[in-house]
Amino acid sequence: VLALSGVRKEFGDHVVLDSIDLTVNQGDVVALIGASGSGKSTLLRCINLLEQLDDGQMWLSGDDISDPRVNVDTVRARIGVVFQQFNLFPHLSVLRNITLADTEVFGTPKAKAEATAMRLLERVGLADKAKAFPDRLSGGQQQRVALVRAIATNPEVLLLDEITSALDPELVGEVLDLVRTLKEDGTTIVMATHEMDFAKDVSDQVVFLDQGVICEQGSPQQIFESPTKDRTKEFLHRFN
Ligand code: ATP
Ligand code: MG
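Definitions and cut-offs
- Numbering of residues starts from 1 in every chain and runs along the sequence as written.
- Working convention: letters from A go to chains and numbers from 1 go to ligands, in the order in which they are written.
- With the structure being a predicted model, the display of local features is reserved for residues of pLDDT at least 70 and the display and counting of side-chain atom pairs for 80 or more, all residues being used for whole-chain, interface and lining totals.
- Calculated side-chain values reflect all of the structure's heavy atoms, with hydrogen atoms and water omitted.
- Throughout, near means a residue has at least one heavy atom within 4 Å of the molecule or strand.
- As used in this structure description, the phrase polar contact means that two N or O atoms lie within 3.5 Å; if the pair is within protein, one of them must be able to donate a hydrogen and the other to accept it, and residues adjacent in sequence are counted only when both atoms belong to side chains.
- We get accessible surface area from the Shrake-Rupley algorithm with a probe of 1.4 Å; when it comes to residues, only the shown protein chains can shield them.
- Going along the chain from the N terminus, every DSSP run of H or I of four or more residues is numbered as a helix, and every run of E of two or more is numbered as a strand.
- Throughout, the ten residues Ala, Val, Leu, Ile, Met, Phe, Trp, Tyr, Cys and Pro are labelled nonpolar, Asp, Glu, Lys and Arg are labelled charged, and all others, Gly among them, are labelled polar.
- By definition, pLDDT measures how confident the predictor is in each residue, and it falls between 0 and 100.
- Here the rule is simple: two strands pair whenever DSSP picks up at least two bridges between them.
- In this analysis, axes come from line fits to C-alpha atoms, helices being fitted only over the stretch in contact, and the angle between any two N-to-C directions falls in the range 0 to 180 degrees.
- Here, two residues are considered to be in contact whenever any of their heavy atoms come within 4.5 Å of each other.
- Any Lys or Arg side-chain nitrogen located within 4 Å of an Asp or Glu carboxyl oxygen qualifies as a salt bridge.
- Multiplying 1.5 Å by the residue count of a helix minus one yields the expected span of that helix.
- Think of it in three bands: residues with accessible area under 20% of the maximum for their type are buried, residues over 50% are exposed, and the middle band is partly exposed, with areas taken using a 1.4 Å probe on protein chains only.
- With the strands pointing away from the viewer, any crossover whose connection runs clockwise from the first strand over the helix to the second is right-handed.

Structural notes on the site of ligand 1
Thinking step 1. In the vicinity of ligand 1, 13 residues are found, and the nearest of them are S36, G37, K40, S41 and T42.
Thinking step 2. Contacts to ligand 1 include S41, whose side-chain N or O atom sits 2.8 Å from an oxygen atom.
Thinking step 3. When isolated, ligand 1 has an accessible area of 640 Å², and the protein chains bury 60% of it.
Thinking step 4. Looking at the shell around ligand 1, the elements with two or more residues in it are β2 (14–24) and α1 (40–47).
Thinking step 5. Looking at which element gives the most residues to the shell around ligand 1, the answer is α1, with 3 residues.
Thinking step 6. In terms of residue class, the shell around ligand 1 is built from 3 nonpolar, 8 polar and 2 charged.

Structure below.
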């Protein structure tokens, strides 16, 4: 679904990502782990075309999305994104937050978009919040709505950047449970996370970024049970 080859990103003379090769298969969950500043968010921002590459290529379902002539909006419409900070529109109801892209970007009739949104809200147990405004919801509920909004248009890949790190600990579980459900539904996910137990539990592939390069990647068993690189061992040691 998603392939990266030789991706490089610099800010001034600071190389933030270098020689990133990554293949994400349909239905896979890929966990990006690594210390603060290792480049996880920048990598997700590159995939979503929020940053321009300094080198390398990226393909989404076979289309070269790193081609400078690509239509950025068209590519973004194929990618779902949820960030750490709740990014629901505060002046729109939960329902409208979810249907907005569907009606405005894809031209789906309002009634159809609302039916989809209600079905998704029911699945995540938030149907009774459809008419509420975001500030009436807990942080965990807001992130679940943000996830529903991100998948409402059937994106080819879902990018999640530390979606639980701004939440109170007791709200983290309900958001992670929803991510687990999305995986079971077959959603392809690339997520930056500091939740090592969750990454171990839910991902098919773990990528350890160290100062902008992929230091080690493999199955969760491989990375968490028998890492081969000293940097990986050092990093994981902090979570034990
Ligand atoms: P965290 O775990 O804290 O979220 P991260 O792995 O997501 O960290 P990034 O946010 O990708 O790390 O940052 C990687 C590096 O790029 C950092 O050194 C950061 O300071 C730098 N950086 C990120 N965005 C910019 C920018 N717009 N301009 C200059 N430097 C930037
Ligand atoms: Mg980050």
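So, next bit.
Here we look at the confidence of the model for the protein chain
Thinking step 1. Looking at the protein chain, the pLDDT average stands at 96 and 100% of residues meet or exceed 70.
Thinking step 2. Among the prediction metrics, the complex's ipTM stands at 0.97, with pTM recorded as 0.96.

Remarks on the sheet that holds strand β3 (residues 29–33)
Thinking step 1. The 6 strands lie next to each other as β6-β7-β8-β3-β9-β10, forming an open sheet whose pairing is mixed. Strand pairing shows two members of the sheet lacking a second neighbour, β6 (79–82) and β10 (213–218), which therefore form its edges. Strand-to-strand twist across the sheet, computed as the mean angle between neighbouring axes with direction ignored, equals 20°.
Thinking step 2. By the bridge criterion, 4 bridges tie β3 to strand β9 (residues 205–210) in an arrangement that is parallel. Within the sheet, the bridge partner assigned to A31 lies in β9 and is V206.
Thinking step 3. Along the sheet, helix α6 (residues 169–184) makes contact with β3, β7 (157–161) and β8 (189–192), crossing β8 at roughly 155°.
Thinking step 4. In this fold helix α9 (residues 230–237) packs onto β3, β9 and β10, with an angle of close to 100° to the strand it touches most, β9.

Some thoughts on the pattern of salt bridges
When charged atoms on two side chains of opposite charge get close, those side chains can pair.
Thinking step 1. Counted by the stated rule, this structure contains 13 salt bridges.
Thinking step 2. With a closest N to O distance of 3.0 Å, R180 and D201 form a salt bridge. You can see R180 sitting in helix α6 and its partner D201 sitting in helix α7 (residues 196–202), a full 21 residues away along the chain.
Thinking step 3. As a salt-bridge pair, R231 and D210 come within 2.9 Å of each other at their nearest N and O atoms.

Remarks on helix α5 (residues 139–151)
Thinking step 1. For α5, spanning 13 residues, the distance from its first C-alpha to its last is 19 Å, which sits close to the expected 18 Å at 1.5 Å a residue.
Thinking step 2. Within α5, 13 of the 13 residues are buried, leaving the element largely enclosed by the surrounding structure.

Let's talk about the pairing of β8
Thinking step 1. On β8, burial covers both faces: I189 and M191 on one face and V190 and A192 on the other are all buried.
Thinking step 2. Direction of pairing for β3 relative to β8: parallel, over a ladder of 4 bridges. Residue pairing across strands places A31 opposite M191, the latter belonging to β8.
Thinking step 3. Across 4 bridges, β7 lies against β8 in parallel orientation. Along β8, the bridge assignment pairs L160 with M191.
Thinking step 4. For the crossover from β7 across α6 to β8, the handedness is right-handed.

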